[in-house]
Amino acid sequence: MKLNVFKIEQKPHLPMFLTVMSACDLLNRARIDQWKNFKGGYQRILNKSRFQWTKNSLLKFMIKGMGVFPTPIVVNLRKPVNFIQDSSFEYFEIGKIDVGDQEMWVVDGQHRLHCLSELIEKENIYGNKGNQT
């Protein structure tokens with residue numbers, strides 16, 4: 001899979017990429033590395049109360065709101081990728097990376113991702129076929 005990205009590199013050889021991708025594409029690649037007893041992994045165990053239909057629930061926000069989250073889902077790629085630069089600016093570059101068939105390990109956003117999965121499965125929304133690249 002090829003992604004158009006903004007590249008920000010605050011430390012040499014530790015780039016951060018910002019991109020947009022379909023919910024289906026992300027769900028197909030996302031893996032959750034949960035920690036237990038404050039050891040190992042990136043994410044705590046899912047809190048089911050966050051998926052109930054309450055004033056501030058994620059489900060309500062996605063159905064009644066704008067359909068996008070105000071905060072990103074952060075993932076880690078554990079294998080190197082090659083960045084092909086298209087443009088360069090003072091603080092960032094624009095280009096492409098090819099992530100191949102890599103898994104994307106969720107660092108932040110497990111609850112938001114689970115919400116998307118529920119909406120696609122139960123409500124049949126956001127269920128497009130994803131990026132065909």
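Since the structure is predicted, the reported quantities are computational estimates derived from the model, not experimental observations.

Chemist: If you had to explain the sheet that holds strand β3 (residues 30-32) to someone new, which residues and values would you point to?
Modeler: The strand order β3-β7-β4 describes an open sheet built from 3 strands, whose pairing is mixed. At either margin of the open sheet sits one strand with a lone partner, and together these are β3 and β4 (74-76). On average, each strand axis in the sheet is inclined to that of its neighbour by 50°, with strand direction left out of account.

Chemist: Give me the sheet that holds strand β5 (residues 83-88): which residues, what numbers.
Modeler: The strand order across the open sheet built from 4 strands is β2-β1-β6-β5, with neighbouring strands paired in antiparallel fashion. The sheet terminates laterally at β2 (14-18) and β5, the two strands that pair on one side only. Neighbour to neighbour, the strand axes of the sheet diverge by 40° on average, direction disregarded. Bridging between β5 and strand β6 (residues 93-98) involves 5 bridges; their strand directions are antiparallel. In the sheet register, Ser88 faces β6, and the bridge partner there is Glu93.

Chemist: Explain a nonpolar patch on the surface to me, and be specific about the residues and the numbers.
Modeler: The grouping of Tyr42, Val74 and Val107 at the surface amounts to a nonpolar patch, some 190 Å² of accessible area in total. Relative to the assigned elements, Val107 resides in strand β7 (residues 104-108). Looking at Val107, the relative accessible area reads 31%, which means it is partly exposed.

Chemist: Help me get a handle on the packing of aromatic side chains, residues and values and all.
Modeler: A full pass over the atoms with the stated rule returns 3 aromatic pairs. Through pairs of rings, three or more aromatic residues link up here, namely Phe6, Phe89 and Phe92. Between Arg78 and the ring centre of Trp105, over which it is positioned, the NZ or CZ distance is 3.9 Å.

Chemist: Residues and numbers for the pairing of strand β1 (residues 2-11), please.
Modeler: Pairing between β1 and β6: 6 bridges, direction antiparallel. Within the sheet, the bridge partner assigned to Lys7 lies in β6 and is Glu93. As judged from the 4 bridges shared by β1 and β2, these two strands associate in the antiparallel manner. By the bridge assignment for β2, Phe6 is matched with Leu18. Hairpin geometry of β1 and β2 is characterised by an intervening segment of 2 residues between the two adjacent antiparallel strands and by a positive phi of about 70° at His13.

What counts and what doesn't
- Residues numbered from 1 in each chain as written.
- Predicted model: local features only at pLDDT ≥ 70, side-chain atom pairs only at ≥ 80, totals over all residues.
- Heavy atoms only, no water.
- Pairing = 2+ DSSP bridges.
- Helix = DSSP H or I, 4+ residues; strand = E, 2+ residues; numbered from the N terminus.
- Axes fitted to C-alpha atoms, helices over the stretch in contact; angles between N-to-C directions.
- Patch = residues over 30% accessible without salt bridge, like charges linked within 9 Å, V, L, I, M, F, W, Y side chains within 5 Å.
- Areas by Shrake-Rupley, 256 points an atom, 1.4 Å probe, with all protein chains shown as cover.
- Salt bridge = Lys/Arg side-chain N within 4 Å of Asp/Glu carboxyl O.
- Buried < 20%, exposed > 50% of the residue type's maximum accessible area, 1.4 Å probe, protein only.
- Phe/Tyr/Trp six-rings, centres within 6.5 Å; stacked < 30°, edge-to-face > 60°.
- Lys NZ or Arg CZ within 6 Å of the ring centre and 35° of its normal.

All quantities given are derived from atomic positions and should not be read as evidence of function.
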